[in-house]
Amino acid sequence: MIIRKRVKMAAMAAVSSPRPHPVTKIYCPSHPDAVLVEDYRAGDMICPECGLVVGDRMIDVGSEWRTFSNDHVGKDPSRVGDAQNPLLNGGDLSTVIGKGTGAASFDEFGNSKYQNRRAMTSQDRAMLTAFREINTMADRINLPRNIVDRTNNLFKQVYEQRCLKGRSNDAIASACLYIACRQEGVPRTFKEICAVSRISKKEIGRCFKLILKALETSVDLITTGDFMSRFCSNLGLPKAVQIAATHIARRAVDLDLVPGRSPISVAAAAIYMASQASADKRTQKEIGDIAGVADVTIRQSYRLLYFKAAELFPPDFKFDTPVDKLPQL
Amino acid sequence: MEAGSEPLPLDILITNVVCVFRVRCHLDLRHIALKGANVMYKRDEGKVVMKLRRPRVTATIWSSGKIISTGATSEDEAKIGARKCARCLQKLGFQVRFGAFRVVNVLAVCSMPFEIRLPDFTKQQRPLASYEPELHPAVNFKIKPLTASMQIFSTGSITITGLQNSCSPPSLIFPHPKPRSLLPR
């Protein structure tokens, strides 16, 4: 943060011209009425009419110290305080007394005499804990920074509204994470969020609905294609199989072969069909583990897809196992 | 919103009427549990559950004298059941005075003769309908003029909850918009 030295605005001195000057005392000798322009880079006051530099080094907005990229990150002499998180904390500008260095600041047991008690409001503390929790959860599934920021914003909005005050903060944080992923267009299943959170799927689902009502937003419906790339790469399937599975799932939904089935079950069944038709076969159990779907569910959805298997595959798919030889469960 | 464009003979069956009433006196639950017939004593929750046979209702009795009765299939039946329950308690020796009878919730079930495409339906009915396939396979649709809600399944079955009385269902089903699809199977 750069300290900006304010120019002391002098009171309007006795000015001869009928129009009052702006508050500075200096003016261009050839154009007394011109309003001087600040060049903040060099700290000059320049007359806009003739370009004369009237005041030199009036304001210096440059940094007081120079910092280089290979320097210690911890010692930035240009900073006077912690990096603020003003969007999320309400701008805490309090300062603290630093740790003592000399021998006099420690008592006989080696503890420091001045106990640095940072008094934060309980609200801020709760929010900071939640942000830390969100960070940990997002870190476990490698979510990018934009989703984490969005989650933090959602949490702040929900927390300030105080509608969900009775609910556990962790549950609200998990639900916010789920909503943020959805809003960014890369939805995660509830089970995936459950895996990184200590809250049950039921509670996250409840908080999810409550948050949508509290913030009066809605989210787009999940589609089968949202999960294809993640599930397929976790299973180690080649791109052709992924494309085939996406195609199968989309066709199945268009033809309405799987009414009422969750898109994730349909996606899992599509991946199963595509992988069984290619050289990289995967078992139902493996797919079920990755997708968080029971293998009986995959079996059910697969049976519905099996009837029209020939129509579901993309036209340019290379079959390792032909359609009629696909496993019939 | 095409109201009544298809004159479908829909059967709306009321499956459950929940009502509350008071007997205006304190009840000794232990006494009811020991002497009463067809009762279950739930001591941890502090209530007695009495099941009646002829209007098939289940009454939950608290010691304060407040009773909730569920399972009736019509409002009249609910009242009869409630009175029967109060009579049973009277026979057990309590100074019962039947009062404050109020129907609290009516559940109804309906079935469409066609299947419904839930994702398309939800997209059209955005603020009123909410569909989370991961959480529940039905769409939750809020009926605006009443504070009731419907659960719409893809098979065409519909469950309506939150009604205040059993007279409202027919009027609310038909203003129901129809961006549904008939599936040729």
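Here the structure is a predicted model, which means the values were calculated and not measured.

Peer 1: Can you tell me about the side chain of Q284 of chain A, naming the residues and giving the values?
Peer 2: Along the polypeptide, Q284 of chain A turns up in helix α10 (residues 284–291). Ignoring anything within four residues of it in the chain, the contact list for Q284 of chain A reads Y272, D295, I298, R299 and L329 of chain A.

Peer 1: Give a detailed account of the interface of chain A and chain B, specifying residues and quantitative values.
Peer 2: With 22 residues of chain A in contact, the opposing surface of chain B contributes 14 residues. Regarding the contact of chain A and chain B, the summed buried area is about 1,400 Å², with carbon and sulfur atoms giving 55% of it. Among the residues of chain A in contact with chain B, L221, D256 and G260 of chain A are the three that bury the most area, contributing 37% of the side total. For the pair chain A and chain B, the number of links is 3 salt bridges. Its salt-bridge partner being E132 of chain B, residue R182 of chain A comes within 2.6 Å of it at the nearest N-O pair. Secondary-structure elements contributing two or more residues to the side of chain A that touches chain B are α4 (169–183), α5 (190–196), α6 (201–215) and α9 (263–277) of chain A. With 4 residues, the top contributor of residues to the side of chain A that touches chain B is α6 of chain A.

Peer 1: Go over the sheet that holds strand β1 (residues 37–39) of chain A with me, naming the residues and quoting the values.
Peer 2: Picture the strands of a sheet paired through backbone hydrogen bonds; they go either parallel or antiparallel. Residues and elements named next belong to chain A. Spatial strand order, β1-β2-β3: 3 strands in an open sheet with antiparallel pairing. The open sheet has two free edges, formed respectively by β1 and β3 (53–55), since each of these has just one partner strand. Shown here is a sheet whose adjacent strand axes are inclined to one another by a mean of 45°, direction ignored. Summarising the sheet, β1 and strand β2 (residues 44–46) pair through 3 bridges and their orientation is antiparallel. Paired with D39 across the bridge in β2 is D44.

Peer 1: Pulling in residues and values, what's your account of the pairing of strand β6 (residues 99–111) of chain B?
Peer 2: Residues and elements named next belong to chain B. Strand direction decides the pairing type here: strand β1 (residues 12–22) and β6, joined by 9 bridges, are antiparallel. Across the sheet, C19 pairs through a bridge with V103, a residue of β6. Bridge analysis of β6 against strand β10 (residues 157–163) gives 5 bridges, and the strand direction is antiparallel. Of the residues in β10, the one forming a bridge with V106 is L163.

Peer 1: Before we move on, can you summarise helix α3 (residues 145–161) of chain A with the specific residues and values?
Peer 2: Residue and element names in this part refer to chain A. The terminal C-alpha atoms of α3, which comprises 17 residues, lie 24 Å apart, in line with the 24 Å expected from a rise of 1.5 Å per residue. Of all the positions in α3, only I147, V148, T151, N152, L154, F155, K156 and V158 are classed as buried. Of the residues flanking the end of α3, it is R162, one or two places downstream, whose phi is positive at about 60°.

Peer 1: Run through the confidence of the model for chain A, naming residues and quoting values.
Peer 2: Residue and element names in this part refer to chain A. Per-residue pLDDT for chain A has a mean of 83; in total, 83% of the residues score no lower than 70. Element-level mean pLDDT values for chain A span from 68 in helix α1 (residues 86–89) up to 95 in α4. Counting contacts from residues 1–21, a segment whose pLDDT is below 50, to residues more than four positions away or on other chains yields 22 contacts.

Reading the values: rules and limits
- Residues numbered from 1 in each chain as written.
- Chains lettered and ligands numbered in written order.
- Predicted model: local features only at pLDDT ≥ 70, side-chain atom pairs only at ≥ 80, totals over all residues.
- Heavy atoms only, no water.
- Helix = DSSP H or I, 4+ residues; strand = E, 2+ residues; numbered from the N terminus.
- Contact = heavy atoms within 4.5 Å.
- Buried area = accessible area lost by both parts, 1.4 Å probe.
- Salt bridge = Lys/Arg side-chain N within 4 Å of Asp/Glu carboxyl O.
- Pairing = 2+ DSSP bridges.
- Axes fitted to C-alpha atoms, helices over the stretch in contact; angles between N-to-C directions.
- Expected span 1.5 Å × (residues − 1).
- Buried < 20%, exposed > 50% of the residue type's maximum accessible area, 1.4 Å probe, protein only.
- pLDDT = per-residue confidence, 0-100.

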